[in-house]
Amino acid sequence: MASLIVGIQPLPNQELSPPECRLGKWNLPALVNPTKKKLPVLIPRVPVTCCQEDISCLDQAIYDEKNDKIANKKALLQSIDYSLQYLQTEQAITAYQKSEITRERVYNSLQRFRQLLISTKSPQALQAAIEKEFVFYQSVGRDNKGTVLFTAYYEPLYLASRQPTKEFRYPAYRSPADLESWAKPHPSRSELEGVDGLQGSKGKLKGLELFWFKDRLEPYMIQIQGSAKLKLTDGTQTTIGYASNTAYNYRSLGRSLVDDGKFPLEGLNMPIILDYFRKHPQDLNIYIPRDQSFVFFQETYGKPAQGSISVPLTPERSIATDKSLMPPGALALIRAPFPYINKSNKIENRLVSRYVLDQDTGGAIKGAGRVDYFLGTGEAAGERAGVTVSNGQLFYLLLKP
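Computed from a predicted model, the values in this text were never measured in an experiment.

A. Representation of the overall build of the chain in the model. Broken down by element type, the chain carries eleven helices and 14 strands. Over its C-alpha trace the chain gives a radius of gyration of 21 Å, about what one expects of a compact globule, namely 21 Å for 401 residues. On the principal axes, the C-alpha backbone points of the chain span a range of 60 × 50 × 45 Å. Relative to its full complement of 401 residues, the chain shows a buried share of 54%. Relative to all contacts within the chain whose residues are 6 or more apart in sequence, the contacts with residues 24 or more apart total 79%. Carbon and sulfur atoms make up 51% of the accessible area of the chain, which totals about 18700 Å².

In C-alpha cells, the structure reads:
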C-alpha cells in the first residue's frame, strides 16, 4: 500500500498551542555524533510531557465513545490484540531475528499498554502512566531532527463485474501461479497489460482476470491502496486484497505530472490529480504505464483490509512504515496535522496525537521519515486520504528495561 502523492509540500502545523508545546517538546533533541557514524533510526528519549492546555498532546479520541468516526478505545484494544497475535507467529519470530528491539519487549510493552488502556479513565491518566513506565523511541525522520512526512491511504469502494462487458473492460488480476519463476527484470506494466490497459489477455495475464471495472483508474487505484471493497453488478458485495507484485519500484502519478510541468509541486493533492484525469482521460495511457510496478490480488470475501503482517487494519489505528527499519506490530505514537470532516461537511486540519499499531508497509513508504496512515473504507476516507500530507513525529513506546 502506498500514497499516490510523493514529495508534495506538507501542511504547516496548526496553531493550537504555544510553540514550545507545539514543536519544541516534540522535536528530536540535537544529536551529538562526533564519530560521524551512521545514526540509529530510533533514538531513546524521555516521554514527552504535555503542556497543560495543549489538547492536541493527548489522544482524546480513545475516550470519546460518542464519536464513531474516530477509532475509540474498543477499536484500539482490538488493534492491539491483532498485533499481539502476530507477535506469536513464526512470521514475527523471523522478522525480529536481526532487530535490536526484541520481539519479547514489544510484546510485553503492548500487554502493559493494554492493561493501562483498560484501567485508566482519561487521556491524562493514561499519559501519566506512560510517562512513568515507558521509554519513547523517536524516529530520526528525514532530517535527523525527527521530521516525518505523513500521508494516508484507504480502502476504496467500487462497482465491478465478475464478467467482462462492453461497459466493464478494465481488469484487476489474480497472482500468476508461476510468478516466482518469472525471469528478472519482470515484464513492465505496459508489457503486461498494454499502454491502454486492455491487452492483458494477449500475454502472461491471460486467464488471470479477477474482476472488471468501468474506469481504468479504478483497478490502478486499488493497486495503489492495496485492497478494495466491491459492489458487484449482480447485487452482491465482496472484497479483494493484495496477493503479490512485480519487482519494480512504484512511481506516482503525481510525481510524473510534476515532472512534465502539468502542476507545481506545492499544493498538489489527490483531488487535483483525479480532476485532471477526468478532464483528460486519454492521458491515463501516458501516465499509468510510467509506473512499471504491477500488483496482483486475491478475493477476500468480505474480510477487512489486511496489512503486511497479515492482520486486519484498523481505521485511524494502523500505520504503514518501512519494515526494513521499523519494528512490525509495535505500539507507536504519531503526532501531526490530519484532515477531518467537520459538522459543515467540510475538511479541516487538526493537530492530533494518536496511539497506533505498526501493521503495514508500502511501495512508496521508504526510510525513517515516512508514514502512511490508514483512514478506513469508502468515499469520506478517500477524501481525507487524498489531502493528507503533513510533517509530524513518530515515536515507538517500549517499557523501560
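B. Seen up close, the side chain of S188. When you line up the elements, S188 lands in the loop between β5 (170-173) and α6 (189-193). Residue S188 is classed as buried on the basis of its relative accessible area of 7%. In contact with S188, not counting residues within four places along its chain, are Y248 and Q292.

C. Layout of the nonpolar core. F113, L117, L126, L230, Y355, L394 and L397 are the most contacted members of the largest nonpolar core, which totals 95 residues. For this core, the element with the most residues is strand β11 (residues 331-341), which contributes seven residues. Sequence-distant contacts of L117, that is, excluding residues within four places in its chain, are made with I62, Y63, K73, L76, L77, I80 and L126. Within the second largest apolar cluster, eight residues are counted, among which are W182, L192, F294 and F296.

D. Focus on the packing of aromatic side chains. Counted under the stated rule, the structure contains 13 aromatic pairs. Taking 5.6 Å as the distance between ring centres and 80 degrees as the angle between the ring planes, the aromatic pair formed by F263 and Y276 counts as edge-to-face. Taken together, the residues span a long stretch of sequence, with F263 in the loop between α8 (253-259) and α9 (270-279) and Y276 in helix α9 at a distance of 13 residues. Between F294 and F296 the ring centres are 5.3 Å apart and the planes differ by 55 degrees, which places this aromatic pair in the tilted class. The exposure class assigned to F294 is buried, which follows from its relative accessible area of 0%. The structure contains a cluster of three or more aromatic residues connected by ring pairs, namely Y173, W182, F294 and F296. The ring centre of W182 lies 4.7 Å from the NZ or CZ of K204, which sits over that ring.

E. Representation of unusual backbone geometry within the structure. For the bond from K184 to P185, the omega torsion is 5 degrees, close enough to zero to count as cis. Topologically, P185 is positioned in the loop between β5 and α6. Phi at S310 is positive, roughly 65 degrees, even though this residue is not glycine. Topologically, S310 is positioned in the loop between β9 (295-299) and β10 (318-320).

F. The packing of helix α4 (residues 103-119) against helix α5 (residues 123-133), seen in detail. Across the interface, α4 lies against α5 with an axial gap of 10 Å and an inter-helix angle of 150 degrees. By the angle class used here, α4 and α5 are roughly antiparallel. The element α4 and its partner α5 pack so that their crossing is right-handed. Residue-level contacts link R112, F113, L116 and L117 of α4 to L126, A129, I130 and E133 of α5. Here the contact of α4 with α5 is built from residues that sort into six nonpolar, no polar and two charged.

Rules and cut-offs
Residues numbered from 1 in each chain as written. Predicted model: local features only at pLDDT ≥ 70, side-chain atom pairs only at ≥ 80, totals over all residues. Heavy atoms only, no water. Helix = DSSP H or I, 4+ residues; strand = E, 2+ residues; numbered from the N terminus. Rg over C-alpha atoms; globule rule 2.2 N^0.38 Å. Buried < 20%, exposed > 50% of the residue type's maximum accessible area, 1.4 Å probe, protein only. Contact = heavy atoms within 4.5 Å. Areas by Shrake-Rupley, 256 points an atom, 1.4 Å probe, with all protein chains shown as cover. Core = buried A, V, L, I, M, F, W, Y, C linked by side-chain atoms within 4.5 Å. Phe/Tyr/Trp six-rings, centres within 6.5 Å; stacked < 30°, edge-to-face > 60°. Lys NZ or Arg CZ within 6 Å of the ring centre and 35° of its normal. Axes fitted to C-alpha atoms, helices over the stretch in contact; angles between N-to-C directions. Parallel < 35°, antiparallel > 145°, perpendicular 65-115°, else oblique. Left-handed = near helix turned anticlockwise from the far one by under 90°. Nonpolar A, V, L, I, M, F, W, Y, C, P; charged D, E, K, R; others polar.

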